[in-house]
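Listed here are the chains, written in short residue letters.
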Amino acid sequence: MLRKQNSMKKILLIVLLINAYSIYGEAIVNIEDQRNEGQIGFFSKVGFQLSGSRGNEDRDFYSLNLRLDNNTENIESFLIAQTSERKKNEIKTSDSTFVHGRLIFLNETRFSTEFFVQHSKNPFRSFLTRDVLGFGTRINIDDSTKIGFGLLTEDEEDLQGNESDTERLSIYFTDKYTLAENIDLSVTTYYQPSVDESKDYKASILAGLNFSVNKNVDISLQISSFYDSRPPEFADKQDEQISTEYTALMSKVMSNGNGRIKFPINEPAEGKKKSQIE
């Protein structure tokens, strides 16, 4: 039975990696990496980063992160708040805000019920603001494999000021695979089709490859892709992000309405140190 489950996991992993090549767009924050499941008590964490450089080009960057967890045997909850800003020659090139709160009700079965609320703002990306409110069921298949089903309402405003309200199904899958004694691969996928129209959907895959060099050194590589079937008008946005703990690169493609003219754009992404292209 165990051998059969491992075979199914390998097959599913291959399918997910193949599908990753067709998923593009704006990266989603991976909430699965933010969970502190099974840890009882109250936890808090604050992080601040400030960096800059002076020369032919003046660059400045700051980020502020807040994390609060309050877990009991029956209820787990957490709040994540992040804000960052990037400037080049005193001109703002990136300005983002993200807040996510989640409440999870646990029981003795594999099933748990969760409610969540989220606000994100980034006037330098496809949408000015995105607000999400939803609930769902989380199923623990085993210690590493989780599946979630839910319903959410999404309120978005694009850069032209156009607003849209959409009810979506929310489906996600997350698992961790041991590729070698010192190498782990974590994969999380999201699929959010509109309740009213299945052709309107958002899909995402986020993967993390972790190398344990020794007891004191770990190397982590993060890859994320996102696809939006209904991007803002006149913009077919293709966006992927590759990052390590210290440096990151974001690549995207802008196109006109008919897709004939394309502009590849490489931008710095957040990391503890400068991006590869800074």
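Above this note sits the structure.
A.B. asks: Give me the lowdown on the overall build of the chain, citing residues and values where you can.
C.D. replies: Broken down by element type, the chain carries one helix and 14 strands. Summarising the internal contacts of the chain: among those between residues at least 6 apart in sequence, 45% fall at separations of at least 24. Summing over all exposed atoms, the chain offers an accessible surface of approximately 16700 Å²; the carbon and sulfur share of this is 56%.

A.B. asks: Describe a negative patch on the surface, with residues and values.
C.D. replies: Together, Glu163, Asp165, Glu167 and Asp196 line one region of the surface with negative charge. For Glu163, the location among the structural elements is in strand 8 (residues 163-180).

A.B. asks: Give me the packing of aromatic side chains: which residues, what numbers.
C.D. replies: Throughout the structure, instances matching the rule amount to five aromatic pairs. Judged by centre distance (6.2 Å) and plane angle (35°), the rings of Phe115 and Phe135 are tilted. Separated by 20 residues along the polypeptide, Phe115 in strand 5 (residues 111-121) and Phe135 in strand 6 (residues 127-140) bring together distant segments of the chain. Residue classification places Phe115 among the partly exposed residues on the basis of a relative accessible area of 39%. Overall, the relative accessible area of 42% leaves Phe135 in the partly exposed class. Judged by centre distance (6.1 Å) and plane angle (45°), the ring pair of Tyr172 and Tyr190 falls under tilted. With Tyr172 in strand 8 and Tyr190 in strand 9 (residues 183-193), the pair connects residues that are 18 residues apart, well separated along the chain. Tyr190 gets classed as buried once you look at its relative accessible area, which sits at 12%. Three or more aromatic residues joined by ring pairs form one cluster here, namely Phe105, Phe115 and Phe135.

Calculation notes
Residues numbered from 1 in each chain as written. Predicted model: local features only at pLDDT ≥ 70, side-chain atom pairs only at ≥ 80, totals over all residues. Heavy atoms only, no water. Helix = DSSP H or I, 4+ residues; strand = E, 2+ residues; numbered from the N terminus. Contact = heavy atoms within 4.5 Å. Areas by Shrake-Rupley, 256 points an atom, 1.4 Å probe, with all protein chains shown as cover. Patch = residues over 30% accessible without salt bridge, like charges linked within 9 Å, V, L, I, M, F, W, Y side chains within 5 Å. Salt bridge = Lys/Arg side-chain N within 4 Å of Asp/Glu carboxyl O. Lys, Arg positive; Asp, Glu negative; His and termini not counted. Charge placed at Lys NZ, Arg CZ, Asp CG, Glu CD. Phe/Tyr/Trp six-rings, centres within 6.5 Å; stacked < 30°, edge-to-face > 60°. Buried < 20%, exposed > 50% of the residue type's maximum accessible area, 1.4 Å probe, protein only.

Any functional reading would require information that these geometric values do not contain.
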